[in-house]
Amino acid sequence: MTLLLLAFAMLLALWAGVLLVFAGPLSARWREPVLKHPVLVIESDDWGAGPPEQAGALVRLSELLQRFRDHTGRPALMTLGVVLEVPDGARIAASNCVEYHGLRLADARFDDVRAAMQAGIAAHVFAPQLHGQCHYWPPAVLAAAQSDDNVRGWLVASEPAATEHLPSQLQSRWVDASSLPSRELAPEAIRRAAVSEAADYRAVFGCAPQVAVATTFVWSEAVEAAWAQAGIEVIVTPGHRATCRTVAGQPGCVDRSMLTGERSLSGQTYLVRDVYFEPALGHAAQRLADGLVTRSRQGRACLVETHRFNFLQAGEASLASLEAGLKAAFAACPTLRFAAPLELARAVRTRDPVWIERRVRPRLAVWRARLDDIPRFRRIARLSGLALPLALLERAA
Ligand SMILES: [Zn+2]
């Protein structure tokens, strides 16, 4: 009997040790707000200044989204990560590629694109958010063009450029990746750029941007501070912050990770977008439904990342795939709700009782479901037997 008690005490001590080792991520997942409803947000980047074919793609997307309504009557919503400028190829060529000149979204050449965006906003199916003045840092592209003929050709092209064709590292706006590894930008240059892009955004959309998503998900604390001054209150993230491009050109130098509802040093609310749906790359429609089911079990919103290239390069097929994905999502979660990132972030920040669960038992079940995404925890919990009492939490709810 004494031996049994001793063994049990040792087991409890082992579990306590495991919980202590993982105390940080465990408590963060307990503090992370729990959503009451399945929430689906389709996040679509790169729209704005660029190829004129975007106008037709946006019109077709808007028509498709308007055919879907959640059970509260709200139409399907897609965010548009907006780019406000592409190179003015003719003027840059005239300077022999020494000076940079931008062609802005407000230019008459983009009238149709802006009109398609505005029509979708008026129909409540598009929610614009700031992706960046440009999908690159102009001095870095200009510097790269001096030694790279492809970049030079891209920069001086007469038609509005598609930034998807730039080398990946140069698509990061908030570092100088003209050579690798990338170098930080001066905070003052970042601040000026953020102020300027917020003003351009306001000129097009009539209000300052409130939500930002960094191009290629590379940004820094200095960028957040500049965004805060420009009025950004929500930052869409992949769950961590990469601050550089490595020698290999990959996003790197990750300096923090975040869960939905955590705050930046400058006070912004972070959201996490971690479901990927790029039909042109072969992603199946079922991804939307599977992502929604998993995130809902975790009490999280399902933020789905997609890009305009799907709807420009393989337009009809991508639209069909999105439609099938939305149908699959409704079949899996008939009570799903559409929401804009801004209102989602505000609900999370204020612990709005319409959206946020406060009862302890459902929160415990959700907490248990969240633990599987802590690196190594799942395996150690299983080996130590701690997985057993944890599983009871889910059943008890
Ligand atoms: Zn982008």
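Structure first, text after, so check above.
Since we're looking at a predicted model, the values are computed, not measured.

Cut-offs used in this document
Residues numbered from 1 in each chain as written. Predicted model: local features only at pLDDT ≥ 70, side-chain atom pairs only at ≥ 80, totals over all residues. Heavy atoms only, no water. Helix = DSSP H or I, 4+ residues; strand = E, 2+ residues; numbered from the N terminus. Rg over C-alpha atoms; globule rule 2.2 N^0.38 Å. Buried < 20%, exposed > 50% of the residue type's maximum accessible area, 1.4 Å probe, protein only. Contact = heavy atoms within 4.5 Å. Areas by Shrake-Rupley, 256 points an atom, 1.4 Å probe, with all protein chains shown as cover. Lys, Arg positive; Asp, Glu negative; His and termini not counted. Charge placed at Lys NZ, Arg CZ, Asp CG, Glu CD. Patch = residues over 30% accessible without salt bridge, like charges linked within 9 Å, V, L, I, M, F, W, Y side chains within 5 Å. Salt bridge = Lys/Arg side-chain N within 4 Å of Asp/Glu carboxyl O. Core = buried A, V, L, I, M, F, W, Y, C linked by side-chain atoms within 4.5 Å. Axes fitted to C-alpha atoms, helices over the stretch in contact; angles between N-to-C directions. Parallel < 35°, antiparallel > 145°, perpendicular 65-115°, else oblique. Left-handed = near helix turned anticlockwise from the far one by under 90°. Nonpolar A, V, L, I, M, F, W, Y, C, P; charged D, E, K, R; others polar. Pairing = 2+ DSSP bridges.

Q: It is not clear to me how the overall build of the protein chain should be interpreted in this structure. Could you clarify?
A: Along its length, the protein chain carries 16 helices and 15 strands. For a compact globule of 397 residues, the expected C-alpha radius of gyration is about 21 Å, and the protein chain comes in at 23 Å, within 12% of that figure. For the C-alpha atoms alone, the extent of the protein chain along its principal axes is close to 90 × 45 × 35 Å. Burial statistics for the protein chain: of 397 residues in total, 53% are counted as buried. The long-range fraction of contacts in the protein chain, counting pairs at least 24 apart against all pairs at least 6 apart in sequence, stands at 73%. For the protein chain, the accessible surface area stands at approximately 17,200 Å², while carbon and sulfur atoms represent 58% of it. Taken as two groups, the 43 positive and 39 negative side-chain charges of the protein chain have centres that lie 10 Å from each other.

Q: In this structure, what is going on with a nonpolar patch on the surface? I would like to understand it.
A: Together, F8, L11, L12 and L14 line one region of the surface with nonpolar side chains, adding up to about 340 Å² of accessible area. Following the sequence through the fold, L11 ends up in helix α1 (residues 2-21).

Q: Is there a simple way to explain the nonpolar core in this structure?
A: Where a protein is soluble and globular, its nonpolar side chains tend to be buried together. The biggest cluster of nonpolar side chains holds 98 residues, and the ones touching the most others in it are L40, W174, W219, W227 and L322. Contact partners of W227, with chain neighbours within four places excluded, come to L130, W174, A194, E197, A212, A214, W219, I232, I235 and Q268. F22, L371, A381 and L390 belong to the second largest nonpolar core, which has 11 residues in total.

Q: Help me understand the pattern of salt bridges in this model?
A: For side chains of opposite charge, pairing can occur when their charged atoms come near one another. For the structure shown, the criterion picks out 30 salt bridges. In this structure, E32 engages R300 in a salt bridge whose closest nitrogen and oxygen atoms are separated by 2.8 Å. Of this pair, E32 sits in the loop between α2 (23-31) and β1 (39-48) while R300 is found in the loop between α10 (286-297) and β14 (302-307), placing the two residues 268 residues apart along the sequence. Accessibility classification places E32 together with R300 in one group, the buried group. Of the charged contacts, one joins R183 and D176 as a salt bridge, the two residues approaching to 3.1 Å between their closest N and O atoms. Owing to a relative accessible area of 17%, D176 belongs among the buried residues under this scheme. Residues participating in the shared-partner salt-bridge network are R29, E32, R300, R370 and D373.

Q: When you look at the packing of helix α3 (residues 54-66) against helix α12 (residues 315-332) in this model, what are you seeing that I'm missing?
A: Helix packing for two helices is described by the angle between their axes and how far apart those axes are. Interhelical geometry of α3 versus α12 gives an angle of 20 degrees and a closest axis separation of 11 Å. Classed by the angle they form, the pair α3 and α12 counts as roughly parallel. As for the relative orientation of α3 and α12, their crossing is right-handed in sense. Only E316, L319, L322, E323 and L326 of α12 make contact with α3, whose side of the interface consists of R60, L61, L64 and L65. A class-by-class count of the residues in the contact of α3 with α12 yields six nonpolar, no polar and three charged.

Q: What is the right way to read the pairing of strand β5 (residues 126-132) from this model?
A: Sheet faces and side chains relate simply in a regular strand, where the side chains alternate between the two faces. With respect to burial, β5 is a largely interior element, six of its seven residues being buried. The sheet contact formed by strand β2 (residues 78-83) and β5 spans six bridges and is parallel. Of the residues in β5, the one forming a bridge with V83 is G132.

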